[in-house]
Amino acid sequence: MSLVRKRSVTIRGHRTSFSLEDPFYDIITSIAASRDMTVAGLIADIDEGRDRNSNLSSALRIYALDWVMNGMKPTS
């Protein structure tokens, strides 16, 4: 079982943090690599598109899950 790890990133000039289990973070890094972008850039895109009623950590998990369930195809 993977523990939740707190991570920090700078997006759009401000520092923010999120908590993810290692497998979810590994998927996020894979998505970023497949899209030839930085992890911070991908997180910024996800943050911009997320429902403001959900937190960033949840949005990252849902994004990663969607990517895996849709055959690991890059999403917009």
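Quick caveat, the model's predicted, so the values are computed rather than measured.

(A) Structural detail: the overall build of the protein. Tallying secondary structure elements over the protein gives three helices and two strands in all. Taking 76 residues into account, the globule formula puts the C-alpha radius of gyration at 11 Å, and the protein, at 12 Å, falls close to it. Across its three principal axes, the protein shows a C-alpha extent of roughly 30 × 30 × 25 Å. By residue count, 28% of the 76 residues in the protein fall in the buried class. Within the protein, counting contacts between residues at least 6 apart in sequence, those at least 24 apart form 41% of the total. Approximately 4900 Å² of the protein is accessible, and the part contributed by carbon and sulfur atoms is 53%. Between the centroid of the 10 positive side chains of the protein and the centroid of its 9 negative side chains there is a distance of 4 Å.

(B) Molecular detail of the packing of helix α2 (residues 39-49) against helix α3 (residues 56-69). Running from amino to carboxyl end, α2 crosses α3 at an angle of 105°, the nearest separation of the two axes being 10 Å. Classed by the angle they form, the pair α2 and α3 counts as roughly perpendicular. Contacts between α2 and α3 pair Leu42, Ile43, Ile46 and Asp47 from the former with Leu56, Ala59, Leu60 and Tyr63 from the latter. Residues of the contact of α2 with α3, tallied by class, amount to seven nonpolar, no polar and one charged.

Criteria and cut-off values
- Counting from 1, residues in each chain are numbered in the order their sequence is written.
- Under the rules for a predicted model, residues below a pLDDT of 70 receive no local features and side-chain atom pairs below 80 are neither given nor counted, while totals for whole chains, interfaces and linings still include all residues.
- Derived side-chain values reflect all non-hydrogen atoms in the structure, with water molecules and hydrogen atoms excluded from consideration.
- Here a helix means four or more residues in a row that DSSP labels H or I, a strand means two or more in a row labelled E, and each is numbered from the N terminus.
- Radius of gyration here uses only the C-alpha atoms, and the compact-globule reference equals 2.2 Å multiplied by the residue count raised to the power 0.38.
- Using a 1.4 Å probe on the protein chains alone, a residue whose accessible area is under 20% of its type maximum counts as buried, one over 50% counts as exposed, and one in between counts as partly exposed.
- In what follows, a contact means two residues having at least one pair of non-hydrogen atoms within 4.5 Å.
- Only the protein chains shown count as cover for residues, with accessible areas throughout obtained via the Shrake-Rupley method and a probe of 1.4 Å.
- The charged-residue count follows a simple rule in which Lys and Arg add positive charge and Asp and Glu add negative charge, with His and chain termini not counted at all.
- Each charge is placed at NZ for Lys, CZ for Arg, CG for Asp and CD for Glu.
- Every angle, taken between N-to-C directions, lies between 0 and 180 degrees, and every axis is a line fitted to C-alpha atoms, over only the stretch in contact when it is a helix.
- For this classification, under 35 degrees means roughly parallel, over 145 means roughly antiparallel, 65 to 115 means roughly perpendicular, and everything else is oblique.
- Residues are grouped as follows: Ala, Val, Leu, Ile, Met, Phe, Trp, Tyr, Cys and Pro are nonpolar; Asp, Glu, Lys and Arg are charged; all remaining types, including Gly, are polar.

The values are spatial; any link to function lies outside them.
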